[in-house]
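Survey of secondary and tertiary structure
Below are the chains, spelled out letter by letter.
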Amino acid sequence: MNDLIAAAKSARLKAYAPYSKFLVGAALRDERGQIHGGCNIENAAYPQGWCAETSAIAAMIMSGGKSIAEMAVIGTGDLLCTPCGGCRQKIREFAKGNVKIHMCGEDGNLKQTFTLDELLPASFGPENLA
Ligand code: THU
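Residues numbered from 1 in each chain as written. Predicted model: local features only at pLDDT ≥ 70, side-chain atom pairs only at ≥ 80, totals over all residues. Heavy atoms only, no water.

1. Points about a nonpolar patch on the surface
The grouping of Tyr16, Tyr19 and Tyr46 at the surface amounts to a nonpolar patch, some 380 Å² of accessible area in total. Position of Tyr16 among the secondary structure elements: in the loop between helix H1 (2–12) and strand S1 (25–30). We classify Tyr16 as partly exposed; its relative accessible area is 43%. (Patch = residues over 30% accessible without salt bridge, like charges linked within 9 Å, V, L, I, M, F, W, Y side chains within 5 Å. Areas by Shrake-Rupley, 256 points an atom, 1.4 Å probe, with all protein chains shown as cover. Salt bridge = Lys/Arg side-chain N within 4 Å of Asp/Glu carboxyl O. Helix = DSSP H or I, 4+ residues; strand = E, 2+ residues; numbered from the N terminus. Buried < 20%, exposed > 50% of the residue type's maximum accessible area, 1.4 Å probe, protein only.)

2. Focus on the nonpolar core
Counting 20 residues, the largest nonpolar core has Leu28, Ile68, Met71, Ile91 and Ile101 as the members making the most contacts within it. Looking at this core, the elements that each hand over two or more residues are S1, helix H2 (52–62), strand S3 (68–74), strand S4 (100–104) and helix H4 (116–119). Of all the elements, H2 adds the most residues to this core, at four residues. When residues no more than four places from it in sequence are discounted, the contact partners of Ile101 are Met71, Val73, Pro83, Ile91, Gln112, Thr113, Phe114, Leu116 and Leu119. (Core = buried A, V, L, I, M, F, W, Y, C linked by side-chain atoms within 4.5 Å. Contact = heavy atoms within 4.5 Å.)

3. Focus on H2
Among the residues making up H2, those that are buried are Ala52, Glu53, Thr54, Ser55, Ala56, Ile57 and Met60. The inward-facing, buried residues of H2 contact S1, strand S2 (35–39), S3 and helix H3 (85–94). Phi turns positive, to about 95 degrees, at Gly64, one or two residues after H2.

4. Description of the pattern of salt bridges
What the rule picks out here adds up to five salt bridges. For Asp3, the salt bridge is made with Arg29, and the minimal N-O distance between the two is 3.1 Å. One end of the pair, Asp3, is in helix H1; the other, Arg29, is in strand S1, with 26 residues separating them in the sequence. One salt bridge connects Arg32 with Asp30, and the closest N-O pair in it is separated by 2.7 Å. Through salt bridges with shared partners, a single network forms among Asp3, Arg29 and Glu70.

5. Examining the packing of aromatic side chains
Counting across every chain of the model gives one aromatic pair. Judged by centre distance (5.5 Å) and plane angle (45 degrees), the ring pair of Tyr19 and Tyr46 falls under tilted. Of the two residues, Tyr19 is situated in the loop between H1 and S1 and Tyr46 in the loop between S2 and H2; the sequence distance between them amounts to 27 residues. Take Tyr19: its relative accessible area is 38%, and that puts it in the partly exposed class. (Phe/Tyr/Trp six-rings, centres within 6.5 Å; stacked < 30°, edge-to-face > 60°.)

6. Re the pairing of S4
Among the five residues that make up S4, four are buried, leaving the element largely enclosed by the rest of the structure. Where S4 hands over to strand S5 (residues 110–115), the hairpin turn is made up of five residues, of which Gly108 adopts a positive phi near 95 degrees. (Pairing = 2+ DSSP bridges.)

7. Concerning the site of the ligand
Neighbouring residues of the ligand: Ser20, Phe22, Val24, Asn40, Glu42, Cys51, Ala52, Glu53, Cys81, Thr82, Pro83 and Cys84. A distance of 2.9 Å is found between an oxygen atom of the ligand and a side-chain nitrogen or oxygen belonging to Asn40. Within the side chain of Glu42, a nitrogen or oxygen atom sits 2.6 Å from an oxygen atom of the ligand. Protein chains bury 75% of the 370 Å² of accessible surface belonging to the ligand in isolation. The residue makeup of the shell around the ligand, split by class, is seven nonpolar, three polar and two charged. (Near = heavy atom within 4 Å. Polar contact = N/O pair within 3.5 Å; in protein donor to acceptor, adjacent residues only side chain to side chain. Nonpolar A, V, L, I, M, F, W, Y, C, P; charged D, E, K, R; others polar.)

This is the structure we're talking about:
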């Protein structure tokens, strides 16, 4: 898990968050074992910004990854930075319910681990449309 957390930590330092000043880094391990990082990218037209988790998913898809095996998120400050509602659904598209999502502190210390099912119970996903 340390490589995943290190990737989230370094992604966080690339965040473009001039408005909120709330830097977020995310990293995920795909089904091939490859790690993909992402940061939040804000915009002067505020709603157009997007989250670190979304960036990490985009990086996975662009490199040919198909699914999320494990994920780590690092926000700013002492409170847990859990993925927002929209990101939970985006993660759901590529992850099984038992996939672990680790919330860490800025220094990389593990604070808490949730499964996707815990973060997004009774979720709607691709199987619903199959
Ligand atoms: N943000 C993330 O990137 N991921 C989260 O899990 C929570 C929030 C970003 C969005 C925005 O750029 C900033 O943090 C403040 O909401």
